[in-house]
Amino acid sequence: MKTKGLKILIIRFSSMGDIIYTSPVIRCLKNQLENVEIHYLTKPSFKFLLDNNPYLDQLHLLQPKLADTISALKKEQFDIVIDLHNSLRSLLVKTQLGVKSSTYKKERLKKWLAIKWKINLIKPDHLVDRYLKTVAFLGIKNDAKAIDYFLPADALSIEKILPHYYNKPYIAFVIGATHFTKRMPNNKVIELCEQLNLPVILLGGKDVEDNANAIHQATIDKTVNMVGKINLNDSVTIVKNAAHVIGFDTGLTHIAEAFNKKLVTIWGSTVPELLGVQPYQVDHHYEAGVELSCRPCSKFGLSACPKKHFNCMKTIELEKIVNFIIHE
């Protein structure tokens, strides 16, 4: 379908992983529509994820007062709004702009049934495919390519970030995650690192610095602790150059998919199929998780295990992870 001169606004306010999975929508719109102009509205804290995307014409940031955001957007005179957030705030933006729109369906009731009563009626479609359904009316097709992540031109080289390891095979291990029930206990991480056959670079934010210090002290000859010491783009560069990546359900782990890394994802209280965030367009990956009657207990993770046993993480078979790393 050839459509000329369309000006399209995409809305997704948060969070890191969700915004990353919108990148195929941006790319497909730009590549498959003629003379299209793509704008994107997000929170200021996630600006860095989209700043360097060559398929975007303009990035808009949510202002403290929604009315100011809407006022600025009205001046752009958009033809279509693609709402990939589906919240009250995005609804207000769409309503005030008063143009044709298409909205991502969150299937809230089905997700509630899956978590509360373990009645899973949700198709295991990836979030990328769910997002792309919102632009199908424009004739947009899935190009079957990976997600995009674009490092800035001034990003540090791997040689500068890891001067002693950049030319050797290593494993990047993303030990951070927003919620406790998404993170494997330190003793399990230590045990896993000890069994791996390559140096392990620990990655994560300042919120898991204590975890990283404990893990590193116990595995000082096996690990390099970069947690809380470098910025996200430096971490992405480490991931991009790794032989393997291991990570929990968090943004940096999903970013690894952009580089088709040999990837292990470790799942605790959340399950990838519920939210459609299983590894996307990755040739070699292994999803580590255990089947329990209480899992999943949440969509996004919790601060503690509701059942007090935390078996979703404590009983993960490390041998299967090790075997994948060694033999893939």
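Residues numbered from 1 in each chain as written. Predicted model: local features only at pLDDT ≥ 70, side-chain atom pairs only at ≥ 80, totals over all residues. Heavy atoms only, no water.

Asks: How would you sum up the packing of aromatic side chains? Please name residues and give values.
Replies: Scanning all chains against the criterion turns up five aromatic pairs. An angle of 70° between the planes, with centres 5.0 Å apart, marks the rings of Tyr-104 and Tyr-131 as edge-to-face. Here the residue Tyr-104 occupies a position in the loop between strand S5 (100-103) and helix H5 (108-116), and Tyr-131 occupies one in helix H6 (residues 127-132), the gap between them amounting to 27 residues. The class of Tyr-104 is buried, set by a relative accessible area of 5%. Of note, Lys-7 hangs over the ring of Phe-78, and the distance from its end group to the ring centre comes to 5.7 Å. Directly above the aromatic system of Phe-13 lies the positively charged group of Arg-89, at a separation of 5.1 Å from the ring centroid. (Phe/Tyr/Trp six-rings, centres within 6.5 Å; stacked < 30°, edge-to-face > 60°. Helix = DSSP H or I, 4+ residues; strand = E, 2+ residues; numbered from the N terminus. Buried < 20%, exposed > 50% of the residue type's maximum accessible area, 1.4 Å probe, protein only. Lys NZ or Arg CZ within 6 Å of the ring centre and 35° of its normal.)

Asks: Tell me what's going on with the pairing of strand S1 (residues 7-11), and back it up with residues and numbers.
Replies: Counting buried positions along S1 yields five of five residues, so the element is predominantly enclosed. Along S1, one buried face is formed by Lys-7, Leu-9 and Ile-11 and the opposite face, lined by Ile-8 and Ile-10, is buried too. Both S1 and strand S4 (residues 80-83) contribute to a ladder of four bridges, which runs parallel. Across the sheet, the residue bridging to Ile-8 is Ile-80, located in S4. (Pairing = 2+ DSSP bridges.)

Asks: If you had to explain the sheet that holds strand S3 (residues 58-61) to someone new, which residues and values would you point to?
Replies: Taken in spatial order, the five strands line up as S3-S2-S1-S4-S5 in an open sheet, and their pairing is parallel. Every interior strand has two partners, whereas the edge strands, S3 and S5, have only one. In this sheet, neighbouring strand axes are inclined to one another by 20° on average, regardless of whether the strands run parallel or antiparallel. Relative to strand S2 (residues 37-42), S1 runs parallel, the two being bridged by five bridges. Across the sheet, the residue bridging to Ile-11 is Leu-41, located in S2. Against the sheet, helix H4 (residues 88-97) engages S1, S2, S4 and S5, with an angle of about 170° to S4. (Axes fitted to C-alpha atoms, helices over the stretch in contact; angles between N-to-C directions. Contact = heavy atoms within 4.5 Å.)

Asks: Give me the lowdown on the packing of helix H8 (residues 186-195) against helix H14 (residues 318-327), citing residues and values where you can.
Replies: Running from N to C, H8 and H14 cross one another at 35°; their axes reach a closest spacing of 10 Å. Note on packing geometry: the crossing formed by H8 with H14 is right-handed. For the pair formed by H8 and H14, the contact residues are Lys-188, Glu-191, Leu-192 and Gln-195 on the first element and Leu-318, Ile-321 and Val-322 on the second. Taken together, the residues that form the contact of H8 with H14 break down as four nonpolar, one polar and two charged. (Left-handed = near helix turned anticlockwise from the far one by under 90°. Nonpolar A, V, L, I, M, F, W, Y, C, P; charged D, E, K, R; others polar.)

Asks: Quick rundown of the pattern of salt bridges? Include the residues and the values.
Replies: In this structure the tally under the stated criterion is 12 salt bridges. The salt bridge partner of Arg-27 is Asp-148, with a shortest N-O separation of 2.9 Å. Taken together, the residues span a long stretch of sequence, with Arg-27 in helix H2 (residues 23-32) and Asp-148 in the loop between H6 and helix H7 (158-161) at a distance of 121 residues. Here Arg-27 falls in the buried class, since its relative accessible area comes to 3%. With a relative accessible area of 16%, Asp-148 lands in the buried category. One salt bridge connects Lys-110 with Glu-107, and the closest N-O pair in it is separated by 3.3 Å. For Lys-110, a relative accessible area of 31% gives the class partly exposed. The class for Glu-107 is partly exposed, based on a relative accessible area of 30%. (Salt bridge = Lys/Arg side-chain N within 4 Å of Asp/Glu carboxyl O.)

Asks: Account for unusual backbone geometry, with residues named and values stated.
Replies: A cis amide bond links Ser-14 to the next residue, Ser-15, at an omega of -15°. Tracing the backbone shows Ser-15 in the loop between S1 and helix H1 (16-20). Of the consecutive residues Arg-295 and Pro-296, the connecting peptide bond is found in the cis state with omega at 5°. Note on placement: Pro-296 falls in the loop between strand S11 (285-288) and helix H13 (311-314). Located in the positive-phi region is Gln-281, a residue other than glycine, with phi close to 55°. Positionally, Gln-281 belongs in the loop between helix H12 (272-275) and S11.

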